[in-house]
Protein chains: 2
Amino acid sequence: MKLGIYGYGNISRGVESAIAQNADAELVAVFSRRDPSSVKTVSGAKVYAASEAPKFKDDIDVMIICGGSATDLPVLTPELAKDFNVIDSFDTHARIPEHFSNVDAAACGSGHIAVISGGWDPGMFSLARIYSNAILPNGSDYTFWGRGVSQGHSDAVRRIEGVLDARQYTVPVEEALRSVRAGENPVLTTRQKHTREVYVVAAEGADLAKIEEQIKTMPNYFDEYDTTVTFITAEEMKADHSELPHGGFVIRTGSTGFNNEHKHVIEYSLQLDSNPEFTGSVLVAIARAASKMHSRGICGCKTVFDIAPADLSPLTPEELRAHML
Amino acid sequence: MKLGIYGYGNISRGVESAIAQNADAELVAVFSRRDPSSVKTVSGAKVYAASEAPKFKDDIDVMIICGGSATDLPVLTPELAKDFNVIDSFDTHARIPEHFSNVDAAACGSGHIAVISGGWDPGMFSLARIYSNAILPNGSDYTFWGRGVSQGHSDAVRRIEGVLDARQYTVPVEEALRSVRAGENPVLTTRQKHTREVYVVAAEGADLAKIEEQIKTMPNYFDEYDTTVTFITAEEMKADHSELPHGGFVIRTGSTGFNNEHKHVIEYSLQLDSNPEFTGSVLVAIARAASKMHSRGICGCKTVFDIAPADLSPLTPEELRAHML
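To start, this report covers the structure provided alongside it. For clarity, every value in this text was computed on a predicted model and none was experimentally measured.

Criteria and thresholds
Residues numbered from 1 in each chain as written. Chains lettered and ligands numbered in written order. Predicted model: local features only at pLDDT ≥ 70, side-chain atom pairs only at ≥ 80, totals over all residues. Heavy atoms only, no water. Contact = heavy atoms within 4.5 Å. Buried area = accessible area lost by both parts, 1.4 Å probe. Salt bridge = Lys/Arg side-chain N within 4 Å of Asp/Glu carboxyl O. Helix = DSSP H or I, 4+ residues; strand = E, 2+ residues; numbered from the N terminus. Buried < 20%, exposed > 50% of the residue type's maximum accessible area, 1.4 Å probe, protein only. Pairing = 2+ DSSP bridges. Arc of directions from axis to C-beta. 1 Å grid on protein atoms, 1.4 Å probe; cavity = no way out; pocket = protein on both sides within 12 Å on 5 of 7 lines; lining within 4 Å. Points joined across faces, edges and corners; volume = space filled by probe spheres on them. Least-squares fit on C-alpha atoms with pLDDT ≥ 70 in both. Axes fitted to C-alpha atoms, helices over the stretch in contact; angles between N-to-C directions.

**Focus: the interface of chain B and chain A**
Facing 69 residues of chain B, the contacting portion of chain A comprises 70 residues. In total, chain B and chain A occlude about 5,900 Å² of area from one another, counting both sides; carbon and sulfur atoms represent 65% of this. Here chain B is connected to chain A by zero salt bridges. Within the residue set of the side of chain B that touches chain A, elements represented by two or more residues are helix H1 (10-21), helix H3 (96-110), helix H4 (124-135), strand S12 (246-256), strand S13 (262-272), helix H10 (275-295) and helix H11 (317-323) of chain B. In terms of residues, the side of chain B that touches chain A owes the most to one element, S13(B), which gives 11 residues.

**Remarks on the pairing of strand S9 (residues 163-172) of chain B**
Residues and elements named next belong to chain B. Burial analysis of S9 places eight of its 10 residues in the buried class, which makes it a mostly covered element. Judged from the two bridges that link them, strand S8 (residues 148-149) and S9 form a sheet pairing that is antiparallel. Bridge assignment links Gly148 to a residue of S9, and that residue is Thr170. In the sheet, S9 pairs with strand S10 (residues 194-202) via nine bridges, with the strands oriented antiparallel. Within the sheet, the bridge partner assigned to Thr170 lies in S10 and is Arg196.

**Structural notes on helix H6 (residues 174-181) of chain A**
Residue and element names in this part refer to chain A. Of the residues making up H6, those classed as buried are Ala176, Leu177, Ser179 and Val180. Mapping the buried residues of H6 onto a view down its axis gives an arc of 165°, with all of them on the same face. Looking at the buried side of H6, the elements it contacts are strand S7 (139-145), strand S9 (163-172), helix H7 (190-193) and strand S12 (246-256). Trailing H6 by a residue or two, Gly183 shows a phi angle of about 75°, which is positive.

**Looking at the pairing of strand S1 (residues 2-6) of chain A**
Residues and elements named next belong to chain A. Most of S1 is tucked away: four of the five residues are buried. Here five bridges tie S1 to strand S2 (residues 26-32), and the two strands are oriented parallel to one another. Each residue of the ladder has a partner; that of Lys2, found in S2, is Glu26.

**What to know about the layout of surface pockets**
Remark: the empty space left among the atoms is shown by a probe the size of a water molecule rolled over them. Residues and elements named next belong to chain A. Approximately 1,500 Å³ is the volume found for the largest pocket. Lining of the largest pocket is provided by 46 residues; of these, Asp91, Ser150, Gln151, Gly152 and Asn275 occupy positions nearest its centre. Mapped onto the lining of the largest pocket, the elements with two or more residues apiece are helix H1 (10-21), S2, helix H5 (151-158), H7, strand S10 (194-202) and helix H10 (275-295). Ranked by residues supplied to the lining of the largest pocket, first place goes to H5 with four residues.

**Thoughts on the relation of the copies chain B and chain A**
Relative to chain A, chain B is turned by 180° and slid 0.0 Å along the rotation axis, the superposed coordinates differing by an RMSD of 0.0 Å. On the angle and the small slide along the axis, the relation comes out as a two-fold axis. Of all interface residues in chain B, 100% are interface residues in chain A too; the two copies therefore contact each other through one and the same surface.

**Digging into the sheet that holds strand S3 (residues 47-49) of chain A**
All names here are of chain A. With parallel pairing, the seven strands of this open sheet are ordered in space as S3-S2-S1-S4-S5-S6-S14. Of all strands in the sheet, those bounded by a partner on one side alone are S3 and strand S14 (300-302). Across this sheet, the average inter-strand angle for adjacent strands is 25°, counted without regard to direction. The pairing of S2 with S3 spans three bridges and is parallel. Of the residues in S3, the one forming a bridge with Val30 is Val47. Across the face of the sheet, helix H2 (residues 72-80) comes into contact with S1, strand S4 (62-65) and strand S5 (85-87) while running at roughly 175° to S4. Packed onto the sheet, helix H3 (residues 96-110) meets strand S6 (113-115) and S14 and runs at close to 140° relative to S14.

Dropping the structure here:
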């Protein structure tokens, strides 16, 4: 399959390295809204101006759109679905129905397929939820994130006066995980599920106590959590916190039997050294499925819920049944 | 959806209780090859002679076939696929391609859909394998089973002279699990992955040392494992070992990045108080998917790999996108 990448940032580089790992995938072109001559790809793939993308409509099977969910993807995905089969990782859960509807109209109109909200949450975690709910209708869902870097929370801390750099880790609370896995069916507050660890490089002479206070009381981001703030040097930040690990746990506990007498725990977990590279790897598998589905005449907006697992794999149905079932 | 159950044993009772938990499922009839008047269902569902099944072809959307993989299902599933959409839990991994081909011919010929090898392994564990392999092409797969009762191993011990009853638990080795999760990519022997715990009720005056020796050296079943044998009374067997728990872990570890510099661990695990009830719950969800797919004109033999997750759920696509994605 011939792939394009639209936008070039962390996730795009994750897609780029995933393409290199998949023998059936070829990166045709990268498109950037910046000056193409200023963008250097890791693989050496050629970079074109975003405005040139439509010229490639016959050369690209699937365009993987890498952009922000706040303002980029709501515009880009419907627009590009007019010329391409597209994939995005739209992750604003509350706005998915609206995004779906806009993308569906564009993709149906042009006979393309568009898969939105790929990645791991939404994405692989969503799959864990749908399967476990279908199997155990009588039960409870729990999602824990981390230990991993939250870019949004890191950015929020960076906006505080006197903060030069910051990295925020979301950390699931061990006791909460233990209780859920034991089938105790706990009702957990926000504070009981996750803690937040913040590492801050402060400007010389900054009021550290004030920075710490501002972080810990920040509405929506930190005020409902137990947060620890650690001040470190710029060198320590670079040495110890330059990676973007993440992960988490999706657990459903439920009971079966005529008297609900038997308990079950279904758990799906991810431990990721690189959030963008794992996300990119999911997107490439989804692109494969989109390409296969489009070749069968399927069009319109889809999500991972609509993709038969076999379509994500490079193996033939015969190979899959013989070796994976 | 109107469901039938063909055969009435442990798994069938699991299906029966799962149907009771799903508002969109109705149990129309149970079919037995025994004298129907001798079979009492837990739910009170009516039992018919197996030979009467074809009369119900217009009243049952999906027939869930519960039988053994060695001799029952290879005959029953193709036969019943002539009159019904069918589901089975065929679990002889090595013979899946042959079974698929026989069932496919029968189901295609009659315009029905047949989903084989439902359950949790094959089934949910197969899904864990296909997804994680599609995402991380560069990696290693590990499957651990237990702690849980293996019926085959329990039966094998029961055939030893002087053994009145036996229960065998398969237990994953903690150190092996730890090493896999740590991304150490270990090469594990059979002995390093699982241990076996056997509980035996011996006949009065039986030679216990000889029984223990016969168990531990039994080819294929025990000789490659570290096995512990514990002799207990019939009362202890009934009090402590009358349930059928099971479960396990499917783990894929792999790396991404242009230099494979980032490691990832994907883990799917099940902890089941009742193996047959969980299996039954999976089969009912698959029956829902089969019913939906058949109503769209899809026929032939399928596996969980061919089922889009949305088809397993009773929720509408809109509900799924709004609440599960």
